[in-house]
Amino acid sequence: SFSETETFRTLNFVQRFLRSLREMDLKSLIVSKEDVSSQEGSQTSSIHPHSPFSQAWEFTSGILLIYVTAITPLAIAFYNEENGWCQHPPTLKFDLFVDLFFVLEMPVHFLTGLFRNGEYVSDLSSIATIYLQ
């Protein structure tokens, strides 16, 4: 269990994070500061992999993967066909949200820049080519 100090630190972190989100504009969430400063004159439409948005997306993806690996076997085992009708698990609405998240994850990854051989690739056609190889 959390001690009072750990709980206070967690709440303080969440408050600071939410305050920083309110103060940022959308572009600073999607593109890292280093990417903005290094490409002042150029237009980049890719999401920087170190941006707060990308990091939050990856964290959420990891949490949802853990959820899927824990819940799917239980849903298959206990919510099967019974008396000719398929019984829906109580998590059905959340499961649909999770499925939508993973469907959206595919285009998000195609829009996210990546590092290849130590070089940052932000061109969308190059990113797509790398993923499709």
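### So, the packing of aromatic side chains
Phase 1: One pass over the full model with this rule turns up seven aromatic pairs.
Phase 2: Pairing Phe 53 with Trp 57 gives two aromatic rings, centres 5.8 Å apart and planes at 35°, and the pair type is tilted. One end of the pair is Phe 53 and the other is Trp 57, both in helix α4 (residues 52-78) and four residues apart, which spans about a single turn.
Phase 3: We classify Phe 53 as partly exposed; its relative accessible area is 28%.
Phase 4: Consider the rings of Phe 115 and Tyr 120, whose centres lie 5.3 Å apart with planes at 50°: the pair is tilted.
Phase 5: The class for Phe 115 is partly exposed, based on a relative accessible area of 44%.
Phase 6: In this structure an aromatic cluster arises from ring pairing among Phe 53, Trp 57, Phe 101 and Phe 102.

### Brief notes about helix α5 (residues 92-110)
Phase 1: With 19 residues, α5 extends 28 Å from end C-alpha to end C-alpha; this agrees with the ideal 27 Å at 1.5 Å per step.
Phase 2: Residues Asp 95, Val 98, Phe 101, Glu 105 and Val 108 constitute the buried set of α5.
Phase 3: For α5, the secondary structure elements touched by its buried residues are α4.

### Some details on the nonpolar core
Phase 1: Within the largest apolar cluster, seven residues are counted, these being Ile 47, Trp 57, Leu 64, Tyr 67, Val 98, Phe 101 and Val 108.
Phase 2: Among the elements of the structure, α4 and α5 are those that each provide at least two residues to this core.

### Considering the side chain of Ser 61
Phase 1: For Ser 61, the location among the structural elements is in helix α4.
Phase 2: Judged by its relative accessible area of 6%, Ser 61 falls in the buried class.
Phase 3: Within the structure, the side chain of Ser 61 is placed 3.0 Å from the side chain of Glu 105, a separation counted as a polar contact.

### Describing the packing of α4 against α5
Phase 1: Running from N to C, α4 and α5 cross one another at 140°; their axes reach a closest spacing of 11 Å. The angle between α4 and α5 places the two elements in the oblique class. Regarding α4 and α5, the two cross each other, and that crossing is left-handed. From α4, Phe 53, Trp 57, Glu 58, Thr 60, Ser 61, Leu 64, Leu 65, Tyr 67 and Val 68 reach across to α5, where they touch Phe 94, Asp 95, Phe 97, Val 98, Phe 101, Phe 102, Leu 104, Glu 105, Val 108 and His 109.
Phase 2: A per-class count over the contact of α4 with α5 returns 13 nonpolar, three polar and three charged.

### A look at the environment of Leu 65
Phase 1: Note that Leu 65 resides in helix α4.
Phase 2: According to the relative accessible area criterion, Leu 65 is partly exposed, its value standing at 45%.
Phase 3: Distance from Leu 65 to Val 98, taken between C-alpha atoms, is 9.0 Å for residues 33 residues apart in sequence.

### Some words on a nonpolar patch on the surface
Phase 1: Nonpolar side chains collect at one region of the surface, where Phe 59, Ile 63 and Ile 66 lie side by side and expose about 340 Å² of accessible area between them.
Phase 2: Relative to the elements of secondary structure, Ile 63 occurs in helix α4.
Phase 3: Given the relative accessible area of 43%, Ile 63 is considered partly exposed.

Here is what the cut-offs are and how they apply
- Residues numbered from 1 in each chain as written.
- Predicted model: local features only at pLDDT ≥ 70, side-chain atom pairs only at ≥ 80, totals over all residues.
- Heavy atoms only, no water.
- Phe/Tyr/Trp six-rings, centres within 6.5 Å; stacked < 30°, edge-to-face > 60°.
- Helix = DSSP H or I, 4+ residues; strand = E, 2+ residues; numbered from the N terminus.
- Buried < 20%, exposed > 50% of the residue type's maximum accessible area, 1.4 Å probe, protein only.
- Expected span 1.5 Å × (residues − 1).
- Contact = heavy atoms within 4.5 Å.
- Core = buried A, V, L, I, M, F, W, Y, C linked by side-chain atoms within 4.5 Å.
- Polar contact = N/O pair within 3.5 Å; in protein donor to acceptor, adjacent residues only side chain to side chain.
- Axes fitted to C-alpha atoms, helices over the stretch in contact; angles between N-to-C directions.
- Parallel < 35°, antiparallel > 145°, perpendicular 65-115°, else oblique.
- Left-handed = near helix turned anticlockwise from the far one by under 90°.
- Nonpolar A, V, L, I, M, F, W, Y, C, P; charged D, E, K, R; others polar.
- Patch = residues over 30% accessible without salt bridge, like charges linked within 9 Å, V, L, I, M, F, W, Y side chains within 5 Å.
- Areas by Shrake-Rupley, 256 points an atom, 1.4 Å probe, with all protein chains shown as cover.
- Salt bridge = Lys/Arg side-chain N within 4 Å of Asp/Glu carboxyl O.

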